[in-house]
Amino acid sequence: MPTLFESANQALETQEYRHEILNAAFGGVSPEFDGKFISRIHDEDQMLRHSLNYYGQVNSAVSQYLAVAIQQYKTVRQLQSILFSEDEQSMAFLDFACGYGRLQRFFSLQVDTNTVWVSDIQEDAMAHVTKSFGVNGINSYADPNLFKTDRKFDFIWVAS
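All values derive from a computational prediction rather than experimental measurement. (Residues numbered from 1 in each chain as written. Predicted model: local features only at pLDDT ≥ 70, side-chain atom pairs only at ≥ 80, totals over all residues. Heavy atoms only, no water.)

Student: Help me out: how do you make sense of the packing of aromatic side chains in this one?
Tutor: Each aromatic ring pair is specified by the distance between its two centres and by the angle formed by the two planes. If you walk through the whole model with that rule in mind, you get 11 aromatic pairs. Aromatic side chains Phe 93 and Phe 107 sit 4.4 Å apart centroid to centroid with 35 degrees between the ring planes, which places their arrangement in the tilted category. Taken together, the residues span a long stretch of sequence, with Phe 93 in strand β1 (residues 93-96) and Phe 107 in helix α6 (residues 104-110) at a distance of 14 residues. Taking the centre distance of 5.6 Å and the plane angle of 85 degrees together, the rings of Phe 96 and Phe 147 count as edge-to-face. Taken together, the residues span a long stretch of sequence, with Phe 96 in strand β1 and Phe 147 in the loop between β3 (136-139) and β4 (155-158) at a distance of 51 residues. Phe 147 sits in the partly exposed class, given a relative accessible area of 23%. (Phe/Tyr/Trp six-rings, centres within 6.5 Å; stacked < 30°, edge-to-face > 60°. Helix = DSSP H or I, 4+ residues; strand = E, 2+ residues; numbered from the N terminus. Buried < 20%, exposed > 50% of the residue type's maximum accessible area, 1.4 Å probe, protein only.)

Student: What should I look at first to understand helix α5 (residues 58-84) in this one?
Tutor: It helps to recall that an α-helix has 3.6 residues per turn; residues three or four apart then point in one direction. Spanning 27 residues, α5 covers 38 Å between terminal C-alpha atoms, matching the ideal 39 Å at 1.5 Å per step. The backbone nitrogen of Asn 59 has a side-chain oxygen 3.0 Å away, supplied by the residue at the start of α5, namely Gln 57. After α5 finishes, the residue Ser 85 shows a positive phi value of roughly 35 degrees. (Expected span 1.5 Å × (residues − 1). Polar contact = N/O pair within 3.5 Å; in protein donor to acceptor, adjacent residues only side chain to side chain.)

Student: I keep staring at helix α1 (residues 4-12) and nothing clicks. Help me out?
Tutor: Taken as a whole, α1 has its buried residues at Phe 5, Ala 8, Asn 9 and Leu 12. Buried residues of α1, seen end-on, are gathered within an arc of 95 degrees and therefore sit on one face of the element. Residues of α1 that are buried in the fold lie against α2 (15-26), α4 (46-55) and α5. (Arc of directions from axis to C-beta. Contact = heavy atoms within 4.5 Å.)

Student: Would you mind showing me how to read the packing of α1 against α4 here?
Tutor: Two packed helices can be described by the angle between their axes and the distance between those axes. Close contact between α1 and α4 brings their axes to 10 Å; oriented N to C, the two are set at 110 degrees. Regarding the angle of α1 to α4, the classification is roughly perpendicular. Crossing of α1 against α4: the hand is right-handed. Within the contact between the two elements, α1 uses Leu 4, Phe 5 and Ala 8 and α4 uses Leu 48, Arg 49 and Leu 52. Split into classes, the residues belonging to the contact of α1 with α4 amount to five nonpolar, no polar and one charged. (Axes fitted to C-alpha atoms, helices over the stretch in contact; angles between N-to-C directions. Parallel < 35°, antiparallel > 145°, perpendicular 65-115°, else oblique. Left-handed = near helix turned anticlockwise from the far one by under 90°. Nonpolar A, V, L, I, M, F, W, Y, C, P; charged D, E, K, R; others polar.)

Student: For this particular structure, what's the right way to read the sheet that holds β4?
Tutor: Within a beta sheet, neighbouring strands are joined by backbone hydrogen bonds and run either parallel or antiparallel to one another. Judged by pairing direction, the sheet is parallel, and its four strands sit side by side in the order β3-β2-β1-β4 without closing on themselves. Each edge of the open sheet carries a strand with a single partner, namely β3 and β4. Across the sheet, the mean angle from the axis of one strand to that of its neighbour is 25 degrees, orientation sign disregarded. Taken together, the four bridges between β1 and strand β2 (residues 116-120) define a ladder with parallel strand orientation. Bridge pairing in β2 places Leu 94 opposite Trp 117. (Pairing = 2+ DSSP bridges.)

Read these as spatial facts, not as claims about activity.
Listed below in structure tokens is the structure:
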């Protein structure tokens with residue numbers, strides 16, 4: 001019998017569920033997004049594990065997880081359009097404390113991923129996000145004094 005986490009990913013990987021997610025995030029399903037969209041959630045993603053523990057069943061947990069992801073994505077895109085107008089595609093963006101890529105699941109589909117950096121103290125999460133979503137990574141540490149980068153960012157997002 002599959003675990004709740006495995007059941008969640010089985011549901012997320014069906015075409016019907018994938019299209020529902022893309023419709024909720026983008027108002028439709030383009031072939032480009034459908035081909036690039038990664039619906040599977042990493043096995044160590046604490047945010048989905050928390051929701052599964054709280055709700056005790058797949059549908060509510062996955063709905064809550066994705067609702068937060070889509071809400072973050074739409075908030076970031078709205079702020080970008082207000083603050084950066086025509087330059088939003090070329091701005092340097094940092095998703096700080098990115099975890100396993102809840103925001104990047106959607107954000108990386110609509111931006112030039114060369115302008116996106118992610119950072120987290122979990123090395124396996126960083127490796128997953130940079131590889132899966134094609135963004136750049138900067139290691140982070142529990143001690144803020146160890147966080148070093150010469151890179152400047154136009155927009156830094158920290159959530160959760």
